[in-house]
Amino acid sequence: PFAVQADLPDGVVEKLRAQMSDEEILAIAHSMQNPAPLDLRVNTLKTNRHDVLLALKLAGIEASPTPYSPVGIRVKGKPALNKHELFLDGKIEIQDEGSQLLAILLEPKRTDMVADFCAGAGGKTLAIGAMMQSLGRLYAFDTSEKRLTNLKPRLKRSGLSNVHPARIDNENDLRIKRLAGKMDRVLVDAPCSGMGTLRRNPDLKWRQTPEAIVELVQKQTAILNAAARLVKTGGRLVYATCSLLKEENENIAEKFLAAHPQFTQISVAEILARQKIALDTGMTLKLFTHLHNTDGFFAAVFERKAA
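Rules behind the numbers
- Along each chain, the written sequence defines residue order, and numbers are assigned to residues from 1.
- At least 70 in pLDDT is required for a residue's local features to be given in this predicted model, at least 80 for side-chain atom pairs to be given and counted, and no such filter applies to totals for whole chains, interfaces and linings, which use all residues.
- Side-chain metrics rest on all non-hydrogen atoms present in the structure, leaving aside hydrogens and water.
- For helices the rule is a DSSP run of H or I covering at least 4 residues; for strands it is a run of E covering at least 2, with both sets numbered from the N terminus onward.
- This radius of gyration counts C-alpha atoms alone. The globule rule is 2.2 Å times how many residues there are, raised to the power 0.38.
- Exposure classes here rest on a 1.4 Å probe applied to the protein chains alone. A residue is buried below 20% of its type maximum, exposed above 50%, and partly exposed in between.
- The criterion used for residue contact is that any of the two residues' heavy atoms lie within 4.5 Å.
- Only the protein chains shown count as cover for residues, and all accessible areas are computed by the Shrake-Rupley method using a 1.4 Å probe.
- Here Asp and Glu are counted as negative and Lys and Arg as positive; His is not counted, and neither are the chain ends.
- A charge is said to be at NZ when it belongs to Lys, at CZ for Arg, at CG for Asp and at CD for Glu.
- The criterion is simple. A nonpolar core is a set of buried Ala, Val, Leu, Ile, Met, Phe, Trp, Tyr and Cys residues joined through side-chain atoms within 4.5 Å.
- Side-chain rings of Phe, Tyr and Trp, where Trp is taken by its six-membered ring, are said to pair if the distance between their centres is within 6.5 Å; with planes under 30 degrees apart they count as stacked, over 60 as edge-to-face, and otherwise as tilted.
- Counted as over-ring charges are cases with an Arg CZ or a Lys NZ within 6 Å of the ring centre that also lie within 35 degrees of the ring normal.
- Axes here mean lines fitted to C-alpha atoms, for a helix over just the part in contact, with angles spanning 0 to 180 degrees between N-to-C directions.
- What sets the label is the angle itself: under 35 degrees gives roughly parallel, over 145 gives roughly antiparallel, 65 to 115 gives roughly perpendicular, and the rest give oblique.
- Here a crossing is taken to be left-handed if its near helix is turned anticlockwise relative to the far helix by less than a right angle, and right-handed if that turn runs clockwise.
- Residues are grouped as follows: nonpolar covers Ala, Val, Leu, Ile, Met, Phe, Trp, Tyr, Cys and Pro; charged covers Asp, Glu, Lys and Arg; every other residue, Gly included, is treated as polar.

Undergrad: Is there a simple way to think about the overall build of the protein chain in this case?
TA: The helix and strand inventory of the protein chain stands at 14 helices and 12 strands. Taken over the C-alpha trace, the protein chain has a radius of gyration of 19 Å; the compact-globule value for 307 residues is 19 Å, and the two agree within 12%. C-alpha extents for the protein chain along the principal axes are approximately 50 × 50 × 35 Å. The proportion of buried residues among the 307 residues of the protein chain is 55%. Sequence-distant contacts in the protein chain: of pairs separated by 6 or more residues, those separated by 24 or more amount to 73%. Per element, the accessible surface of the protein chain, about 13,900 Å² overall, is 52% carbon and sulfur. Here the protein chain contributes 42 positive and 35 negative side-chain charges, whose respective centroids are spaced 7 Å apart.

Undergrad: Even after reading the chapter, I still don't get the nonpolar core, so can you show me in this structure?
TA: One recurring pattern in soluble globular proteins: nonpolar side chains tend to sit buried together. Grouped together as the largest cluster of nonpolar side chains are 50 residues, with contacts concentrated most on Leu8, Phe117, Phe141, Val186, Val188 and Leu237. Counting residues per element, this core draws most heavily on helix H11 (residues 210-228), at 7 residues. Formed by 36 residues, the second largest nonpolar core is a distinct cluster that contains Ala119, Met132, Leu138 and Cys192.

Undergrad: Sorry, what's going on with the packing of aromatic side chains here?
TA: Aromatic ring pairs: the centre-centre distance and the angle between the two ring planes describe each pair. A full pass over the atoms with the stated rule returns 4 aromatic pairs. Ring centres of Tyr139 and Phe141 lie 5.5 Å apart, and the angle between their planes is 5 degrees; this geometry places the pair in the stacked category. In this structure Phe141 comes out as buried when scored by relative accessible area, which is 2%. Ring pairs connect the aromatic residues Phe117, Tyr139 and Phe141, which therefore count as one cluster. Above the ring of Phe2, the side-chain terminus of Arg17 is found at 4.5 Å from the ring centroid.

Undergrad: Can you walk me through helix H3 (residues 22-31) in this structure?
TA: Note: α-helices contain 3.6 residues per turn, so residues at a spacing of three or four share the same orientation. Residues Ile25, Leu26, Ile28, Ala29 and Ser31 constitute the buried set of H3. Packed against the buried residues of H3 are helix H1 (2-6), helix H2 (10-17) and helix H14 (289-292).

Undergrad: I'm lost on the environment of Gly196 in this one. Help?
TA: On the secondary structure map, Gly196 appears in the loop between strand S8 (183-189) and helix H10 (204-207). Linking Gly196 and Ala226, residues 30 residues apart in sequence, is a C-alpha distance of 25 Å. When sequence neighbours within four positions are dropped, the list of residues in contact with Gly196 reads Met32, Cys242, Ser243, Leu244, Thr289, Asp295 and Gly296.

Undergrad: Help me understand the packing of helix H6 (residues 97-106) against helix H7 (residues 123-131), please; the structure alone is not making it clear to me.
TA: In a packed pair of helices, the relevant descriptors are the angle between the two axes and the axis-to-axis distance. Direction vectors running N to C along H6 and H7 enclose 45 degrees, while the axes themselves pass 9 Å from each other. Regarding the angle of H6 to H7, the classification is oblique. Every pair of crossing elements has a handedness; the one defined by H6 and H7 is right-handed. Residues Ser99, Leu102, Ala103, Ile104 and Leu106 of H6 form the contact with H7, whose participating residues are Lys124, Ala127, Ile128 and Met131. Of the residues contributing to the contact of H6 with H7, the split by class is 7 nonpolar, 1 polar and 1 charged.

Written out as structure tokens, the structure is:
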């Protein structure tokens, strides 16, 4: 049966068949059965990609620039980099190239006020902070104290002084309400089914139920609506997931636009072209393992129109 060929649950196959051909599903599914490469992000606050590549070469570690992210490096094999001085000095962070591109879509300026709304352990927060050259103000919000605690040693290594981690109770926390209409940039990397990360978490596909997806969609909608309230006129809002499912991606973006006429969608292809990144997936960012050798990612970018 087709679901066995793809090694995916029937429910997931059914959802994907509504979006793409069987051939594409098999290509994605088979690419997800290979281990993910080890990607690094260069901390431009402390060094540059050329110098890191040189240092890795001297250490006998084979590495090359990532094809899309201008601060990414792909390492061959799985060397223990957590003991390497580049890592200990905060010059590199381990981060999938697709995840690096999400931060780039924000295009934060040095003087901006920025919020990473679902910061987790802060991989994208640190990438954004480096793009801001440790200037401006960057909030890292999350509901999990444990995840924010994991950010602290990474933050210390990074040398960033513009990051303000803050635990919130939920998307309607009082801290969030106080910042309404003040943010230049907001990133929502929403909790999702994780269907784009099966190379790293192969068991996820068997754990997600149709009921769980329905709950996630409700949560994603609530989080995006709350995050939108932070954005000032002329500000930018990026909604992202590491899912392949349309109901967590395009459907959320379409419903958001329908409910928020003060926002307009802007082209991801244009942002990437402006950043001199040779990647065109159209209006939204759509990354697939079999095409881009990254985790599966989706992102839509919105701008708050002048009143």
